[in-house]
Amino acid sequence: MKEIDDEVKKNTIAIDFDGVIHRYSKRWQGMDNAYDPPMEGAVDAIKRLKEEGYRLVVFSSRSVPVIEEWLKKYDLDSYFADITNTKVPAKVYIDDRAYHFTNWDKTMEDLFD
């Protein structure tokens, strides 16, 4: 089993692509279709996180080449250390579809009630 580097973990922020970096106004239009410009505030936030010394990773189910091309188009490719669909060790994940887990009773209530 590979050991997790605690220093890398505490300095890494994983950011979802669709709906967080990419505006994603028309929702899912296919795996190869990143059609919108950046979300409002995304560019400034990405630049600030990088300036603060964070290692930024795009975390998405979308294909890596599509994200790479999109990041280059908007001059954001130099801010990211990696693009992955694998959960990487990180200080925090920024995701528009994430659920904040507190306990299973609350989770089941939220999902089914």
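Residues numbered from 1 in each chain as written. Predicted model: local features only at pLDDT ≥ 70, side-chain atom pairs only at ≥ 80, totals over all residues. Heavy atoms only, no water.

Chemist: Can you explain the overall build of the protein? Please cite residues and give values.
Modeler: When you go through the protein residue by residue, the secondary structure sums to four helices and four strands. For the protein, the sequential pattern of α-helices and β-strands runs α-β-α-β-α-β-β-α. The principal-axis extents of the C-alpha atoms in the protein amount to approximately 45 × 35 × 30 Å. The buried share of the protein, taken over its 113 residues, is 31%. For the protein, long-range pairs separated by at least 24 residues make up 69% of all intrachain contacts whose partners lie at least 6 apart in sequence. With the model as given, the accessible surface of the protein reaches about 7,900 Å², and the carbon-plus-sulfur share is 49%. (Helix = DSSP H or I, 4+ residues; strand = E, 2+ residues; numbered from the N terminus. Buried < 20%, exposed > 50% of the residue type's maximum accessible area, 1.4 Å probe, protein only. Contact = heavy atoms within 4.5 Å. Areas by Shrake-Rupley, 256 points an atom, 1.4 Å probe, with all protein chains shown as cover.)

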